[in-house]
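Understanding the architecture of this molecule
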Amino acid sequence: MPFALWTRPAIRALIRDHFGVGLQERLIGKYLKRWGFTSQRPVKKALEQNPEAVRQWLEQDYPRLRAQAVQEGAVIYWGDETVVKEDAHWVRGYAPRGQTPVLAVPARWTTLPMISAISPRGEVAFQIVEGSIDAERFIAFLSALIQDAPRKIYLVVDNLRVHHAKVVTAWLAGKKDRIELAFLPPYAPESNPDEYLNRDFKTALRIGAVSTDKISLLEKARVFMQGLRQMPHKVASYFRHPAARYAMSDI
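Below you will find a few notes about this structure. Bear in mind the structure is a predicted one, so any value in this text is a computation, not a measurement.

Of regular secondary structure, the chain possesses 8 helices and 5 strands. Overall, the chain shows an N-to-C arrangement of helices and strands of α-α-α-β-β-β-α-β-α-β-α-α-α. Looking at the chain residue by residue over its 251 residues, the buried ones come to 37%. When contacts within the chain are restricted to residue pairs at least 6 apart in sequence, long-range pairs at least 24 apart make up 71% of them. As displayed, the chain offers around 15800 Å² of accessible surface, 54% of which is attributable to carbon and sulfur atoms.

Dropping the structure here:
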């Protein structure tokens, strides 16, 4: 069926086309409730552009990376970037029937970029910065990541242009005994466990009081991330997503 999501009209069309039975949408709603289905906002999933590259990553590239990390006594982290933006389009609220609830929000949203990295052991590193994430800010994050690290780190990231910048490559060249980057295949965000931290993070910012300025937004973001550092079991749960389960390990 050419539908993006299963709605009552979509299910009505399915029943009509397959069984020749016309049902009212209200009755279909009753059936869905009886069957345990509820109306939910979808999680957006990027279309996989290169399944062969993803398969190679899962079956060859990552096992090779993990074996190399074991041989060197290194640890593997997964990193990603996101933008801290507290828009309110995920928020729901109750109101009398026919009276649409109104939420007062700033005319212009405040945004703050964040870089983070997580491990299957529940470790979290992050930096929230002002301005766009450029090569210099990425290098600053890498420097902080390895500052007190007792073992070498392999950091798995996507193919963002910043990750391949010449200055980043030059900075890494003299530190191969402490850190190296590994790259996910293109268009494979779901293979990165840190992507699920970002989803959790954005959801947390969209519930509760609306931030009125950059300072309050920054504080709200830091409270969530600092709290996450105290919950390694929560961080480890991001690796239990079916698309990221391959990354679960104790190295």
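Once that is clear, we can look at the pairing of strand β4 (residues 153–157). Each regular strand shows side chains that alternate between the opposite faces of the sheet. For β4, a buried count of 5 out of 5 residues is recorded, marking the element as mostly surrounded by other parts of the structure. Where burial is concerned, the two faces of β4 agree: the one with I153, L155 and V157 and the one with Y154 and V156 are both buried. Across 5 bridges, the pairing between β4 and strand β5 (residues 179–183) is parallel. The residue of β5 that forms the bridge with Y154 is E180. For the segment spanning β4, helix α5 (residues 166–173) and β5, crossover handedness is right-handed.

For the rest of this paragraph, the subject is the packing of helix α1 (residues 8–19) against helix α2 (residues 25–34). Between α1 and α2, the shortest axis-to-axis distance is 9 Å and the interhelical angle comes to 100°. By the angle between their axes, α1 is roughly perpendicular relative to α2. Within the contact between the two elements, α1 uses R8, P9, I11 and R12 and α2 uses E25, R26, I28, G29 and L32. Its residues assigned to classes, the contact of α1 with α2 shows 4 nonpolar, 1 polar and 4 charged.

Within the fold, K152 resides in the loop between α4 (135–147) and β4. Take K152: its relative accessible area is 9%, and that puts it in the buried class. A polar side-chain atom of K152 sits 2.8 Å from a polar atom in the side chain of E72. The residues contacting K152, other than those within four sequence positions of it, are E72, A74, V75, K176, D177, R178, I179 and E180.

Okay, the nonpolar core next. In terms of nonpolar packing, the biggest core is built from 32 residues, with F201 and M225 touching the most fellow members. Those elements that place two or more of their residues in this core are α3 (51–72), β1 (75–85), β2 (111–118), β3 (124–128), β4, α6 (194–205) and α7 (214–229). Top contributing element to this core by residue count: α7, with 5 residues. Apart from residues lying up to four places away in sequence, M225 is in contact with M114, V124, F126, L197 and F201. If you look at the next biggest cluster of nonpolar residues, it comprises 24 residues, including F138, W171, L172 and L181.

All chains considered together, the criterion is met by 9 salt bridges. Between K152 and E180 there is a salt bridge whose closest N-O contact spans 2.5 Å. Taken together, the positions of K152 in the loop between α4 and β4 and E180 in strand β5 put the pair 28 residues apart, joining distant regions of the chain.

For the coordinates displayed, the defined rule picks out 6 aromatic pairs. Cluster of aromatic residues (ring-pair linked, three or more members): W57, Y62, W78, F239 and Y246. We note R121 situated over the ring of Y77; from NZ or CZ to the ring centre the distance is 5.9 Å.

What counts and how
Residues numbered from 1 in each chain as written. Predicted model: local features only at pLDDT ≥ 70, side-chain atom pairs only at ≥ 80, totals over all residues. Heavy atoms only, no water. Helix = DSSP H or I, 4+ residues; strand = E, 2+ residues; numbered from the N terminus. Buried < 20%, exposed > 50% of the residue type's maximum accessible area, 1.4 Å probe, protein only. Contact = heavy atoms within 4.5 Å. Areas by Shrake-Rupley, 256 points an atom, 1.4 Å probe, with all protein chains shown as cover. Pairing = 2+ DSSP bridges. Right-handed = clockwise from strand over helix to strand, strands pointing away. Axes fitted to C-alpha atoms, helices over the stretch in contact; angles between N-to-C directions. Parallel < 35°, antiparallel > 145°, perpendicular 65-115°, else oblique. Nonpolar A, V, L, I, M, F, W, Y, C, P; charged D, E, K, R; others polar. Polar contact = N/O pair within 3.5 Å; in protein donor to acceptor, adjacent residues only side chain to side chain. Core = buried A, V, L, I, M, F, W, Y, C linked by side-chain atoms within 4.5 Å. Salt bridge = Lys/Arg side-chain N within 4 Å of Asp/Glu carboxyl O. Phe/Tyr/Trp six-rings, centres within 6.5 Å; stacked < 30°, edge-to-face > 60°. Lys NZ or Arg CZ within 6 Å of the ring centre and 35° of its normal.

The analysis is restricted to geometry; functional conclusions fall outside its scope.
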